Amino acid sequence: MLGTLKNAKITKGFVLAGLFNMTVLVFSRFFTNPVIPESDPVVMSNFGLVMIVVWGLAYISVAKNYHAVKWLVAVFAVEKLIYGIVWTKWILKHELSAVYAKDTMAGIFYTIYGLNDWVFFIFFSYVFLRLLLDKNS
C-alpha cells in the first residue's frame, strides 16, 4: 500500500528537501536582502532564515538513515505542516505584488516557499506512515 516509493528515491527526497531549504540563501542573498524579513519579521527574520538552513541540513543528515529515525521524520512532517499553515495565512493577508514591487527575489520567495512546505509535508508524512506501518522498523 505505502511501499510505492523505493528507498533510494526516499533518500533523494530528503536531500531534495534539504536543498530546497538551502535556496533561502539565494533568495535572501545570504541574509542581506532586507525585504524578506521586513515582509514577515516574526517568521522570516534573519534568525528564522538561518533556522530554515539548519532544518535543511537536518533533512540531508538523515537521508541515508531515515528508517532509523522514524519519529524524527514525524517531527519533520509537523515542522513542514506548521510552515505551510503560516505561509497560507500570510498569503491570504498580504499582497504579493507589494513584495515584488520592493524586490523580485523576495516576491518569488514568498510565492513558492509555502508550496514547497506543503509538498514536503506530504512527503515526510508519507515516509513516516510507511515507517510506522513497516513491521521491520
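**Q** Outline the overall build of the chain, supporting the account with residue identities and numerical values.
**A** Each helix and strand in the chain was counted, giving seven helices and zero strands. Each helix (α) and strand (β) of the chain, taken in turn from the N terminus, gives the series α-α-α-α-α-α-α. Rg of the C-alpha trace for the chain: 16 Å, near the compact-globule value of 14 Å for 137 residues, within the 12% margin. Across its three principal directions, the C-alpha atoms of the chain cover 50 × 25 × 20 Å. Looking at the chain as a whole, 43% of its 137 residues qualify as buried. In the chain, 76% of the contacts between residues at least 6 apart in sequence involve partners at least 24 apart. A total accessible area of about 7700 Å² is found for the chain, and carbon and sulfur atoms account for 72% of it. Computed over 12 positive and 7 negative side-chain charges, the separation of the two mean positions in the chain equals 14 Å.

**Q** Outline the side chain of Glu79, listing residues and values.
**A** Inspection of the secondary structure assignment puts Glu79 in helix H5 (residues 70-93). For the buried Glu79, no salt bridge exists, and the shortest N-O distance to an oppositely charged side chain is 4.5 Å, to Lys80. For Glu79, the contacting residues outside a window of four places in its chain are Trp55 and Tyr59.

**Q** Can you tell me about the pattern of salt bridges, naming the residues and giving the values?
**A** Inspection of every chain in the model, using the stated rule, returns two salt bridges. In this structure, Asp103 and Arg29 form a salt bridge, with 2.9 Å as the shortest nitrogen-oxygen distance. You can see Asp103 sitting in the loop between helix H6 (96-102) and helix H7 (104-133) and its partner Arg29 sitting in the loop between helix H2 (24-27) and helix H3 (35-39), a full 74 residues away along the chain. Residue classification places Arg29 among the partly exposed residues on the basis of a relative accessible area of 36%.

Conventions adopted
- Throughout this document, residue positions are counted from 1 along each chain, in the order its sequence is written.
- Where local features are concerned, this predicted model is filtered to residues with pLDDT of at least 70; where side-chain atom pairs are given and counted, the filter is 80 or more; whole-chain, interface and lining totals use all residues.
- Excluded from the side-chain calculations are hydrogens and water; all other atoms, namely the structure's heavy atoms, are used.
- A helix here means a DSSP run of H or I that spans at least four residues, while a strand means a run of E at least two residues long, and both kinds are numbered starting from the N terminus.
- We take the radius of gyration over the C-alpha atoms and set the globule estimate at 2.2 Å times the residue count to the 0.38 power.
- Per-residue accessibility, obtained with a 1.4 Å probe over protein chains only, is compared with the maximum for each type, and a residue is labelled buried under 20%, exposed over 50%, and partly exposed between these values.
- Any pair of residues with heavy atoms lying within 4.5 Å of one another is described as a contacting pair.
- Reported accessibility uses the Shrake-Rupley method at a 1.4 Å probe radius. Residues are deemed covered only where the shown protein chains occlude them.
- The sign given to each residue is positive for Lys and Arg and negative for Asp and Glu; His and the chain ends receive no count.
- Charge placement uses NZ in Lys and CZ in Arg. For Asp and Glu, CG and CD serve respectively.
- The term salt bridge refers to a side-chain nitrogen of Lys or Arg lying within 4 Å of a carboxyl oxygen of Asp or Glu.

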